[in-house]
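Survey of secondary and tertiary structure
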Amino acid sequence: MGVLSLATLIGLAADDRILNGAPIWLKPLHFAFSLAVYSATLAWLLPRIRRFPRTAWWAGTLIAVSSLAEAVIISVQAWRGTYSHFNTLTPTNTAFMNSMTVAVIVLWTSNFVAAVVVLRDRSLARPLRLAVRLGLVLAVVGMSLGFLMNIPTPEQQQAVDAGLPTLVGAHNVGVDDGGPGMPLTNWSTVGGDLRIPHFVGIHALQVIPLAGAALALAGRRRTTFADERIQARLVLITGAAWAGLLALVTWQALRGQSLVHPDAVTLGALGALVLAVAAATAVVLRPGAPRSGGPRVPASAVRHP
């Protein structure tokens, strides 16, 4: 994926073709870079699994193969100058689309298996274990949200029913694909965009474990975060906050609302989420907060006969 990211960057610089309002190599770059980050996280995580290590190995291998297949198909379609997703305009494009669908199903299933294995494993320290579990579960949810994009629009369904060649599925809700978009991501600025919850969900696997690692580092420097139970509760709050954000951007996209133009209802829901997270964090960190199970005793303080 790293090599493919570099190749698509070269394509972006050397090829000035535009497809549906965006540089033709932008989409392959998005997928290659995103899958590179995701794969690096799993490459760090899966070898640490102590229960069912062979299952974890096979899940990781299938994730690697199916990710590569999807990214290569997207890049080949960009080179051909046509759509990679939703494309049933010709028999060749339909064959590419069907192959990519199989790769996505294998990818989702492998991630689901990996999530189950991680949920049953206790190899990592408690806060990081909780962070990885929450991140991987939300990543599977984020992948699942991608299937919403494959639902045909009413106009596409009419074309399908009439036996006419058509795209089947769309990124945007309430507006046609290819309109004004945000820099870099190209997410719609005039309507809902299902790529946003898809992205937010998938990269929970990076955000939440990074928060867990940051709390562990803070625990070495400040006594406030030294107790692993405090770290675990803050990780849980982080996971709940990210899940709330995922639900919010999904709801916003399905209502046909752009991320950069939220209405009062969306802003109110976001404000309620922020207040709830702040309140929960304050409760966990307040002086004199009860600690279940008694005070934590450092291992170095335990005397053995």
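Residues numbered from 1 in each chain as written. Predicted model: local features only at pLDDT ≥ 70, side-chain atom pairs only at ≥ 80, totals over all residues. Heavy atoms only, no water.

The next thing to look at is the overall build of the protein. Scanning the protein from N- to C-terminus turns up ten helices and four strands. Secondary structure elements in the protein, listed N-terminal to C-terminal, are α-β-β-α-α-α-α-α-β-β-α-α-α-α. C-alpha extents for the protein along the principal axes are approximately 80 × 50 × 40 Å. Excluding contacts between residues fewer than 6 apart, the proportion of contacts in the protein whose partners are at least 24 apart in sequence is 66%. Roughly 16,000 Å² of accessible area belongs to the protein as shown, and the carbon and sulfur atoms make up 69% of that amount. The positive charge centre, built from 23 side chains, and the negative charge centre, built from 12, are 23 Å apart in the protein. (Helix = DSSP H or I, 4+ residues; strand = E, 2+ residues; numbered from the N terminus. Contact = heavy atoms within 4.5 Å. Areas by Shrake-Rupley, 256 points an atom, 1.4 Å probe, with all protein chains shown as cover. Lys, Arg positive; Asp, Glu negative; His and termini not counted. Charge placed at Lys NZ, Arg CZ, Asp CG, Glu CD.)

Moving on, we come to the confidence of the model for the protein. Reading fine detail from the predicted coordinates is not recommended where pLDDT is low. In the predicted model, the protein carries a mean pLDDT of 89, and the fraction of residues at 70 or more is 94%. Between residues 292–305, whose pLDDT stays under 50, and residues either more than four places distant or in other chains, the model counts ten contacts. (pLDDT = per-residue confidence, 0-100.)

Now for the environment of Val274. Along the chain, the position of Val274 falls in helix H10 (residues 264–285). The spacing of Val274 and Leu245 is 29 residues in sequence and 9.6 Å in space, taken between C-alpha atoms.

Take His171: it is sitting in the loop between helix H6 (154–161) and strand S3 (172–173). Other than its neighbours up to four places away in sequence, His171 contacts Lys27, Phe86, Met149, Asp177, Gly192, Asp193, Leu194 and Arg195.

With that settled, the discussion passes to the packing of helix H7 (residues 195–202) against helix H9 (residues 228–254). Contact pair H7 / H9: the axes reach a minimum separation of 8 Å and the direction vectors enclose 165°. Here H9 runs roughly antiparallel to H7, going by the angle between their axes. Regarding H7 and H9, the two cross each other, and that crossing is left-handed. In contact with Ile196, Pro197, Val200 and Gly201 of H7, H9 contributes Trp242, Leu245, Leu246, Val249, Thr250 and Ala253. (Axes fitted to C-alpha atoms, helices over the stretch in contact; angles between N-to-C directions. Parallel < 35°, antiparallel > 145°, perpendicular 65-115°, else oblique. Left-handed = near helix turned anticlockwise from the far one by under 90°.)

Considering all chains together, one arrives at one cavity of 30 Å³ or more under this definition. If you go around the largest cavity, the residues you meet are Asp193, Ile196, Val249, Gln252, Ala253, Gln257, Ser258 and Leu259. For the lining of the largest cavity, the element with the highest residue contribution is H9, accounting for three residues. Taken together, the residues of the lining of the largest cavity sort by class into four nonpolar, three polar and one charged. (1 Å grid on protein atoms, 1.4 Å probe; cavity = no way out; pocket = protein on both sides within 12 Å on 5 of 7 lines; lining within 4 Å. Points joined across faces, edges and corners; volume = space filled by probe spheres on them. Nonpolar A, V, L, I, M, F, W, Y, C, P; charged D, E, K, R; others polar.)

A separate point is helix H3 (residues 53–80). The end-to-end C-alpha separation of H3 is 40 Å, in line with the 40 Å expected for 28 residues at 1.5 Å each. Taken together, the buried positions of H3 are Ala56, Ala59, Ile63, Ser66, Ser67, Glu70, Ala71, Ile73, Ile74, Ser75, Gln77 and Ala78. Count one or two residues on from H3 and you reach Gly81, which has phi positive near 85°. (Expected span 1.5 Å × (residues − 1). Buried < 20%, exposed > 50% of the residue type's maximum accessible area, 1.4 Å probe, protein only.)

Further remarks concern H7. Note on helix geometry: an α-helix contains 3.6 residues per turn, so any two residues three or four positions apart are oriented the same way. Of the positions making up H7, those classed as buried are Ile196, Pro197, Val200, Gly201 and Ile202. The secondary structure elements touched by the buried residues of H7 are helix H2 (26–45), helix H5 (126–145), strand S4 (192–193), helix H8 (204–221) and H9.

Scanning all chains against the criterion turns up four salt bridges. A salt bridge links Asp193 to Arg195; the nearest nitrogen and oxygen atoms lie 2.7 Å apart. The exposure class of Asp193 is buried, given its relative accessible area of 1%. The salt bridge involving Arg255 is made with Asp263; its shortest N-O contact spans 3.2 Å. Residue Arg255 is classed as partly exposed on the basis of its relative accessible area of 33%. (Salt bridge = Lys/Arg side-chain N within 4 Å of Asp/Glu carboxyl O.)

Our focus in this paragraph is the nonpolar core. One recurring pattern in soluble globular proteins: nonpolar side chains tend to sit buried together. If you look at the biggest cluster of nonpolar residues, it comprises 21 residues, and the most contacted ones within it are Tyr38, Leu42, Leu45 and Leu136. Looking at this core, the elements that each hand over two or more residues are H2, H3, helix H4 (91–120) and H5. Among residues more than four places away in sequence, those in contact with Leu45 are Val118, Leu124, Val132 and Leu136. Ranked by size, the runner-up nonpolar core spans 18 residues in total, among them Ile196, Phe225, Ile237 and Trp242. (Core = buried A, V, L, I, M, F, W, Y, C linked by side-chain atoms within 4.5 Å.)

Let us now look at the layout of surface pockets. To find leftover empty space, one rolls a probe the size of a water molecule over the atoms. When its volume is computed, the second largest pocket comes out at roughly 200 Å³. Tallying contributions element by element places H8 first for the lining of the second largest pocket, with five residues. Of the residues that constitute the lining of the second largest pocket, the class distribution is six nonpolar, three polar and three charged.

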